Amino acid sequence: MTDLSAARNRRDRNTRWLLLTPAMLVLLFAASGPLLIVLVYSFLTPGDYGGVEWQFSLQAWTNVLAERDIFTDEWQLADAHLTVLWRSIKLSFMTAVLAFIFGFPTAYFIATRPPRQRDIYMLLIMIPFWTNLLIRTFAIMELIRNQGTVNTLLIAMGVIDEPIQMLFTEFSLLLGMTYVYLPLMILPIYASMERFDFSLVEAGYDLYATRLQVLRKIIFPLVKPGVVAGSILVFVPCLGAYVTPRVLGGGKQLMLGNLIELQFGQLRNWPLGAALSLTLLVIVMIALLFYVRAVGREGETNV
Amino acid sequence: MIEIEGVTKIFGVGAEAFTALDDVSVTIDANEFFTLLGPSGCGKTTLLRVIAGFIDPTRGRVTLDGNNLLNQPPYARPVNTVFQSYALFPHMTVAQNIAFGLEMLGKPGSEVTSTVDEMLALVRMTEMADRKTSQISGGQQQRVALARALAPRPKVLLLDEPLSALDFKLRKDMQLELKRLQSETGITFIFVTHDQDEALTMSNRIAVMNEGRIRQIGGPRDIYDHPAERFVADFIGDTNFLDVELLKVEGEQAHIRLPSGSEVVARAAQGGGRTGGEVTVAIRPEHARMDEAEGALFQGALSNVVYVGTDTHYHIDLDSGGQFIVRQQNQPDQRHERQVGERVGVNFGAGIGQILKD
């Protein structure tokens, strides 16, 4: 009996591994392979017309953070890279915060509707998400450019005389990225809230907690895994965002994604591009590590 | 003392409107164990939630010691609830759950600690203080929910079917435990249940509800022995109903004539009722006696004998039509076994039958 069931268990385990094979193959060739190439390239010398020379060099990695002054030949911090890096992290973080501020009440609203209405609201949240990113970004551009809808309206109403410069600023990037990634914040928070037992809210009120206290001490701790997941889901793609800063930043507000693209394109420095890509990957890994730790702790208490 | 006056709650509007509470009035004394008993959908939980503050009534007044409760939000009412699902906070330990209400009231730390310890001892959960609520059994969760609701010393404790998730043995223990806690703390308990045994075991008084209305209020014995109307008699325990002719009423005594022609004295309907004509009389199966057919109040043929351990149930097809059940306690030295088909008679004493209002 025990032998039989043990044998069956072993067989089951083997079949399950077999089921993983297609996914594993795809991952091996489409993810691990290119990653390995990027890693190797980051230690090579740039070729004159793009590509790489097969000559080992640490130049690309030093160039990520430092550069040699053209005139004095002294090493100094690569201000341009650091500015872009800092802007990427700052804007991604602020986008995550904004998405949380807009997403949390939205998710709460949807989760407290009757079940049938919830699906409709979720559909409404998802529809823009299914629309092409470029089209949505250009739509925002149309809204906020100097001769765009918002400025035209404000001028027509006499609120302002001169159009407000919104496009090609950090504001336009924030607006664009918050809009684009908001569903990624709402979805996981909503998933947490849907499982949330709202009789706990009543219990809180019953035990003399005010609305704010119920939110802080009961709702928030229990949906925190959703909030953390949402923040990561927004933060990570923002770090590598390419289209939004390209269109709404107009080449002035570069982010990491644009910088990397520059190295592989116009600047023909593939090794530096590769090194920057890996730097981005490391930042993402740190963010994910933070997520695993935060959720791991909460995971035990949350059903 | 809680005074509920003319409370009505209508959910929805127009054709879909549903009256959950229909002009409910009741006064619940301080330090009373008061039970709202009724089938599901009778409005008992709605009434409890009106008192807790989770539902605003459409009409009516609710006061606690003369203070209007209805204009206070739930977190301002000195009323706590033990929820049917317990609703314990899963991210807190047992002790943190119990401390929650006290902390929200802004009690100093030392008082919180001492009250939590006291409550843990009261519900015998001291050893479990640092466990997460998911790590304790259903019965233990029940006791934590109780301790959490009692800790802030509410004036009134509302209990929404708190025992329904427990198994039979545990439920019996908790019934006595609840009764003990109520008398030890001196807090008014308002207990909602659909279980008549629970209601009869624990309550000082019971309000039997149906279709949004209170049908009868009284002590357990009063409700059981003297149901006012058919719904109450039917809902609580087993009852035989006989259609009889009411001859005359003298105070509590009602002279009736059974279909067999025998005349007997029953208890008059509560609060008036008819003084003549066709009425229904209710007789509990254990209040009637099975005798020899000769000389009994009415006769019939034994159609079924059901042995249930402590008792035997005798099903009798009456000569006048209908069925009558007599329940008799089994004796160890019982000699005579009745046979199905045997002709038997039924007797009951004066004042045993209860005339129903409708």
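Residues numbered from 1 in each chain as written. Chains lettered and ligands numbered in written order. Predicted model: local features only at pLDDT ≥ 70, side-chain atom pairs only at ≥ 80, totals over all residues. Heavy atoms only, no water.

Thoughts on the UniProt feature "domain: ABC transmembrane type-1" (unreviewed entry) in chain A
At step 1: In the numbering used here, UniProt assigns the feature "domain: ABC transmembrane type-1" (unreviewed entry) to residues 85–291 of chain A.
At step 2: Measuring from the first to the last C-alpha atom of residues 85–291 of chain A gives 21 Å, for a span that is 79% helix and 0% strand. (UniProt positions renumbered as here; feature names shortened; annotations may be inferred. Helix = DSSP H or I, 4+ residues; strand = E, 2+ residues; numbered from the N terminus.)

Describing the sheet that holds strand 6 (residues 79–82) of chain B
Residue and element names in this part refer to chain B.
At step 1: In spatial order, the strands read 6-7-8-3-9-10; together these 6 strands make up an open sheet with mixed pairing. Of all strands in the sheet, those bounded by a partner on one side alone are strand 6 and strand 10 (213–218). Along the sheet, successive strands turn relative to each other by an average axial angle of 20°, direction set aside.
At step 2: Sitting on the sheet, helix 4 (residues 138–150) touches strand 6, strand 7 (156–160) and strand 8 (188–193), and the angle it makes with strand 6 is about 175°.
At step 3: Packing of helix 5 (residues 168–185) onto the sheet brings it into contact with strand 3 (33–37), strand 7 and strand 8, and relative to strand 8 it is tilted by some 160°. (Pairing = 2+ DSSP bridges. Axes fitted to C-alpha atoms, helices over the stretch in contact; angles between N-to-C directions. Contact = heavy atoms within 4.5 Å.)

Quick look at the domain arrangement of chain B
Residues and elements named next belong to chain B.
At step 1: When cut into domains, chain B gives domain 1 (2–225) and domain 2 (238–355).
At step 2: Inter-centroid distance (C-alpha atoms) of domain 1 to domain 2 is 39 Å.
At step 3: Contacts between the two partners involve 5 residues from domain 1 and, on the opposite side, 5 residues from domain 2.
At step 4: Inspection of the region where domain 1 meets domain 2 yields 0 salt bridges.
At step 5: Scanning the region where domain 1 abuts domain 2 turns up 2 residue pairs in polar contact (both at pLDDT 80 or more).
At step 6: Per-element tally for the side of domain 1 that touches domain 2: the top contributor is helix 7 (residues 220–225), with 4 residues. (Domains from an automatic or database assignment. Salt bridge = Lys/Arg side-chain N within 4 Å of Asp/Glu carboxyl O. Polar contact = N/O pair within 3.5 Å; in protein donor to acceptor, adjacent residues only side chain to side chain.)

Focus: the UniProt feature "domain: ABC transporter" (unreviewed entry) in chain B
At step 1: According to UniProt, the positions carrying the feature "domain: ABC transporter" (unreviewed entry) are residues 2–236 of chain B.
At step 2: Secondary structure across residues 2–236 of chain B divides into 36% helix and 26% strand, with the first and last C-alpha atoms of the span separated by 26 Å.

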